[in-house]
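# A look at the structure
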Amino acid sequence: MKNKYQYIVAFFFLFVSCTDFLEEEVYTEYDPDVFLQTEAGVNAVVVSTYFQSKPDYREAWFTFSEFTCDIMLERGGGYAAPAATFANFNWNVSNSFFRNIWRDSYIAIRNANSLLDEIDNVSSLSADKVAILKGEASFLRAYNYIFLHDFFGATPLINTAELDLEPNRASQEEFSAFVEQELLNAAAALPVSQEVYGKATKGAALALLGRYYLNTKQWQKSADIYQQVIDLQAYSLFDNVEGLFAVENEGNSEMIFVFPSVASGTNARQSWNYTPHAYPVGYNTGQVNYGAQFQLWRWFVNSFDVNDRRATEYDPPNGKFGWIIKKYINKDGETIDLMNDPIVAGVEKLYPRPVKFTPDPNALGQRHGNDMPILRYAEVLIGRAEALNELQGPNQESIDLLNLVRNRAEAPEYRLADFASKEALRDQILVERGLEFHAEGHRRRDLIRHNKFISSAISRGKTNAKAHHVLFPIPQEEIDSNPNLEQNPGY
């Protein structure tokens, strides 16, 4: 968080239509007192904040949030070593991934701060437009603080563009109060729908707050705020579960907030290059393959009910477009069975593949246009079911909410009589979250909330896992530069 007064904003994007908002204008150093006096400048800062808020999916979603857990693994390629560092709980305070996450989030926060500090001085904007832009900036600022909180706990609250090189960490109480008020303010200011695709809405602010409440175990608040999202009647489960994340279905009724992508982008914040990590080496489709392979443990794939559409095999030659590659014919004409072939020592790529992000038919090499889903309606339903169970124990509404998601996938329904205790339903909700949200970066925070992150790791033989690993360390570079910044315990 150095150099806070001079703003280096490398990639501002201007929204020019409802779908084409990735036209790039490049700016260098600017003075916010001047730049933010024009409508064009305000728009540039808003779009830059969206752009900067989009996380590096490989690090934030998979390395931090899936490979440290029980469902996914990474094998092969040049990424095997850094992925193994996290899978084996061997990270340390100097790992560059922590610095990247910290830096990128605080750049986005800085951009939001500059806009919120200056926007009331822009006379060319209507009061209604100013209110909506403030709502967007508040949403994005809160989103980045919650993103940091997931990994590091409560961090410094820097909510002005004024220079402060040595901020103190907020207490958990201060942090939660700020995030709560920030998202309530955003929800009050934002419309239910936006003309420009990918911008924050009232539902996005409420759903993000519901997630934060759930992860901090504020059960009643979480249940109530999720009900507000439901009551908006703006969202529904998308029936085509197999095509939920396909480019042709972007903007569907289930997506509450996404970071859009385009295949023509030039970097990871513009394009989505997950697919090359998921296709097995030698997969005969003409798609690009990386040596680094993202995979699912076989036990997890076997845990789906046989009728569950979420576990439908991905086999385009035979008209199947499910979420998992289980078997394929390689370029040599050999049939590779990822569910049953022996796992031979030294052969690390014989596991099923998560391909819920259906390949973009217009992909340009490794670059795809799939949007990055951040909040979707299924999470609202399952989240309210979990919160109600924590408040009441097994109850019919929780079962009904879970069954909405199960019915969409044509999986057998749950019955209230199947769960004799709060603990039993809690455990099944964690199972359901894995079935629904695998490969979307949810697993680590779900296991932490259920007090199973460390115990699950130990049961998998990760003997380095210790209680303090529920948080990552504050980057050592930040500790060295700020004497007021206290490191997380255990590091």
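The present account deals with the structure reproduced in this document.

Each value, and the rule that gives it
Residues numbered from 1 in each chain as written. Predicted model: local features only at pLDDT ≥ 70, side-chain atom pairs only at ≥ 80, totals over all residues. Heavy atoms only, no water. Helix = DSSP H or I, 4+ residues; strand = E, 2+ residues; numbered from the N terminus. Rg over C-alpha atoms; globule rule 2.2 N^0.38 Å. Buried < 20%, exposed > 50% of the residue type's maximum accessible area, 1.4 Å probe, protein only. Contact = heavy atoms within 4.5 Å. Axes fitted to C-alpha atoms, helices over the stretch in contact; angles between N-to-C directions. Left-handed = near helix turned anticlockwise from the far one by under 90°. Nonpolar A, V, L, I, M, F, W, Y, C, P; charged D, E, K, R; others polar. Phe/Tyr/Trp six-rings, centres within 6.5 Å; stacked < 30°, edge-to-face > 60°. Lys NZ or Arg CZ within 6 Å of the ring centre and 35° of its normal. Expected span 1.5 Å × (residues − 1).

### Structural notes on the overall build of the protein chain
On a plain count of helices and strands, the protein chain comes out with 17 helices and 14 strands. A globule of 491 residues ought to have a C-alpha radius of gyration of about 23 Å, and the protein chain, at 22 Å, matches this closely. Seen along its three principal axes, the alpha-carbon backbone of the protein chain occupies a region of about 65 × 55 × 45 Å. Buried residues in the protein chain amount to 57% of all 491 residues.

### Quick word on the side chain of Asp-104
Here Asp-104 shows up in helix H5 (residues 96-118). Asp-104 sits in the buried class, given a relative accessible area of 16%. Look past the residues within four positions of Asp-104 in its chain and what remains in contact with it is Gln-52 and Arg-269.

### Observations regarding the packing of helix H6 (residues 127-152) against helix H7 (residues 172-189)
It is at 8 Å that the axes of H6 and H7 come closest, and there the two elements cross at 150 degrees. Crossing handedness for the pair H6 and H7: left-handed. In this structure, H6 contributes Ala-131, Ile-132, Gly-135, Ser-138, Phe-139, Arg-141, Ala-142, Tyr-145, Ile-146 and His-149 to the contact, and H7 contributes Gln-172, Phe-175, Phe-178, Val-179, Glu-182, Leu-183, Ala-186 and Ala-189. Grouping the amino acids of the contact of H6 with H7 by side-chain chemistry returns 12 nonpolar, four polar and two charged.

### Digging into the packing of aromatic side chains
Following the criterion strictly, the structure yields 50 aromatic pairs and no others. With a centroid separation of 6.0 Å and an interplanar angle of 75 degrees, the aromatic rings of Phe-86 and Phe-472 are classed as edge-to-face. Of the two residues, Phe-86 is situated in helix H4 (residues 80-87) and Phe-472 in the loop between helix H16 (453-459) and helix H17 (476-481); the sequence distance between them amounts to 386 residues. Look at Phe-472 and you get buried, because its relative accessible area is 0%. Taking the ring centre of Tyr-351 as reference, the NZ or CZ of Arg-298 above it sits at 5.9 Å.

### Things to note about the environment of Phe-294
Residue position: Phe-294 is located in strand S7 (residues 293-296). Judged by relative accessible area, which is 0%, Phe-294 ranks as buried. Note: C-alpha distance between Phe-294 and Asn-215 (79 residues apart in sequence) is 26 Å. Sequence-distant contacts of Phe-294, that is, excluding residues within four places in its chain, are made with Tyr-57, Arg-58, Phe-62, Phe-67, Met-72, Leu-73, Glu-74, Tyr-274, His-277, Ala-278, Arg-353 and Pro-354.

### Thoughts on the environment of Cys-69
Looking at the secondary structure, you find Cys-69 in the loop between helix H3 (57-63) and strand S5 (72-75). For the pair Cys-69 and Ser-253, spaced 184 residues apart in the sequence, the C-alpha separation amounts to 30 Å. Beyond its immediate stretch of four places on either side in the chain, Cys-69 contacts Arg-443, Arg-444, Leu-447, Phe-453 and Arg-460.

### Comments concerning helix H8 (residues 202-215)
Its 14 residues give H8 an end-to-end C-alpha distance of 20 Å, which sits within 8% of 20 Å, the value for a rise of 1.5 Å per residue. H8 sits mainly inside the fold: 12 of its 14 residues count as buried. Those residues of H8 not exposed but buried are Gly-203, Ala-204, Ala-205, Leu-206, Ala-207, Leu-208, Leu-209, Gly-210, Arg-211, Tyr-212, Tyr-213 and Leu-214. Positive backbone phi, approximately 60 degrees, marks Lys-217, located one or two places after H8.

Interpretation in functional terms is not warranted from these geometric data alone.
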